[in-house]
Amino acid sequence: MKRYDQYCPIAHSLGLVGERWSLLVVRELIDGPKRYTDLVDGLPGIGTNILASRLRDLEAGGIVRKTKLPPPAASTVYELTSCGEELRPVLHELARWGARTLGPPPDDALRPGWLRNALEIALSPVAGTGRIAFRVGSEEASVVAGHATPGIVEDPDVLVETDANGFYHLLVDGSCDGVRVEGDRELLARAVNAVASAPVPA
């Protein structure tokens, strides 16, 4: 693992998770345990030797542990330790910061389930107690009581319909162009305004 000759918490943190792919491995495990093959599938472009090395480093740093699921699964999986779980808000802030310069997604860049993951990162920590449902192209997901779930929740307070480009601009710069909102616009505005760089009109 990379080491820096500095007594500094940032340098220490980078020594643990600053290697290429390390935080992406943590990202893949943030929703629960995964098998090695699941990690390979979720990290296109990573070499298996690199993944094995990063997992060893993260285990050595107390961030990831290897365990075995009980029967009937009985699979060996990797999961975050309590120390690794503490990286969740770090990943959320890093994602929100990076989204501002990432730009809207190309049509072929999004994998199934991306919407729930995006809502978990962007809106879940700031959504409060409302029920906000999103339909973005063929993807559907909701934020309920601070947690993102797949599908349209029953009786949402507000339903948002748009495409991937509209969703990006709604969350990043507060634009409602191409966005259809049905229900409590103030609830949506409060949540999005905690993320977007420009306010959304209520």
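One can find the structure itself at the top, above this paragraph.
What you are looking at is a predicted structure, and each value in this text was computed from that prediction instead of being measured. (Residues numbered from 1 in each chain as written. Predicted model: local features only at pLDDT ≥ 70, side-chain atom pairs only at ≥ 80, totals over all residues. Heavy atoms only, no water.)

S.K.: When you look at the pattern of salt bridges in this model, what are you seeing that I'm missing?
M.R.: Pairs can form between side chains of opposite charge whenever their charged atoms are close. Under the definition given, this model contains 14 salt bridges. The salt bridge partner of Arg-116 is Glu-120, with a shortest N-O separation of 3.9 Å. With a gap of 4 residues between them, Arg-116 and Glu-120 both fall in helix α7 (residues 114-122), about one helical turn apart. Where Arg-135 meets Glu-161, a salt bridge forms, and the shortest distance between an N and an O atom there is 2.5 Å. Here Glu-161 lies in strand β6 (residues 158-162) and Arg-135 lies in strand β3 (residues 131-136), a separation of 26 residues in the sequence. Taking the relative accessible area as the measure of exposure, Glu-161 reaches 21% and is therefore partly exposed. (Salt bridge = Lys/Arg side-chain N within 4 Å of Asp/Glu carboxyl O. Helix = DSSP H or I, 4+ residues; strand = E, 2+ residues; numbered from the N terminus. Buried < 20%, exposed > 50% of the residue type's maximum accessible area, 1.4 Å probe, protein only.)

S.K.: Before we go on, may I ask you to explain the environment of Pro-106 in this structure?
M.R.: Of note, Pro-106 is situated in the loop between α6 (88-102) and α7. The class of Pro-106 is partly exposed, set by a relative accessible area of 48%. Residues Pro-106 and Arg-135, spaced 29 residues apart in sequence, show a C-alpha to C-alpha distance of 18 Å.

S.K.: Even after reading the chapter, I still don't get a negative patch on the surface, so can you show me in this structure?
M.R.: Residues Glu-154, Asp-155, Asp-157, Asp-184 and Glu-186 make up a contiguous surface patch of negative charge. By the secondary structure assignment, Asp-155 is in the loop between β5 (147-150) and β6. (Patch = residues over 30% accessible without salt bridge, like charges linked within 9 Å, V, L, I, M, F, W, Y side chains within 5 Å. Areas by Shrake-Rupley, 256 points an atom, 1.4 Å probe, with all protein chains shown as cover. Lys, Arg positive; Asp, Glu negative; His and termini not counted. Charge placed at Lys NZ, Arg CZ, Asp CG, Glu CD.)

S.K.: Before we go on, may I ask you to explain a nonpolar patch on the surface in this structure?
M.R.: Together, Tyr-4, Ile-10 and Leu-14 make up a nonpolar patch on the protein surface, roughly 290 Å² of accessible area in all. Within the secondary structure, Tyr-4 is located in the segment before α1 (9-17).

S.K.: In this structure, what is going on with the nonpolar core? I would like to understand it.
M.R.: Grouped burial of nonpolar side chains is what soluble globular proteins tend to show. The biggest cluster of nonpolar side chains holds 25 residues, and the ones touching the most others in it are Leu-115, Leu-119, Leu-123, Phe-134, Phe-167 and Leu-188. Where this core is concerned, the elements lending two or more residues are α7, β3, β4 (139-144), β6, α8 (164-173) and α9 (185-193). Excluding residues within four positions of it along the chain, Leu-119 makes contact with Ser-124, Phe-134, Ala-141, Ser-142, Val-143, Ala-148 and Phe-167. Formed by 18 residues, the second largest nonpolar core is a distinct cluster that contains Ile-30, Leu-43, Tyr-78 and Leu-91. (Core = buried A, V, L, I, M, F, W, Y, C linked by side-chain atoms within 4.5 Å. Contact = heavy atoms within 4.5 Å.)

S.K.: Is there a simple way to think about unusual backbone geometry in this case?
M.R.: When glycine is set aside, most residues are seen to have a negative phi, and most peptide bonds are trans. In the segment running from Pro-71 into Pro-72, the intervening peptide bond is cis, with an omega of 10°. Position of Pro-72 among the secondary structure elements: in the loop between β1 (64-68) and β2 (76-80). The phi dihedral of Ala-145 falls on the positive side, at around 50°, and the residue is not glycine. Looking at where Ala-145 falls in the secondary structure, it is placed in the loop between β4 and β5. Here the phi dihedral of Asp-155 falls at roughly 55°; this positive angle occurs in a residue that is not glycine.

S.K.: Quick question: what am I supposed to make of the side chain of Thr-81 here?
M.R.: Summarising the element assignment, Thr-81 is placed in the loop between β2 and α5 (82-85). You can call Thr-81 buried: its relative accessible area is 10%. Sequence-distant contacts of Thr-81, that is, excluding residues within four places in its chain, are made with Gly-62, Ile-63, Val-64 and Arg-65.

S.K.: How should I be thinking about the sheet that holds β4 in this particular structure?
M.R.: Two modes of strand pairing occur in sheets, parallel and antiparallel, and in both the strands are linked by backbone hydrogen bonds. Taken together, the 5 strands give an open sheet; going across it, the order is β5-β4-β3-β6-β7, and neighbouring strands pair in mixed fashion. Edge strands, defined here as strands with exactly one partner in the open sheet, are β5 and β7 (180-183). Adjacent strand axes in the sheet meet at a mean angle of 20°, parallel and antiparallel pairs treated alike. By the bridge criterion, 5 bridges tie β3 to β6 in an arrangement that is parallel. Considered in β6, the bridge of Ile-132 is made with Val-158. Strands in contact with α8 are β3 and β6; relative to β3, the strand with the most contacts, it is inclined by about 140°. (Pairing = 2+ DSSP bridges. Axes fitted to C-alpha atoms, helices over the stretch in contact; angles between N-to-C directions.)

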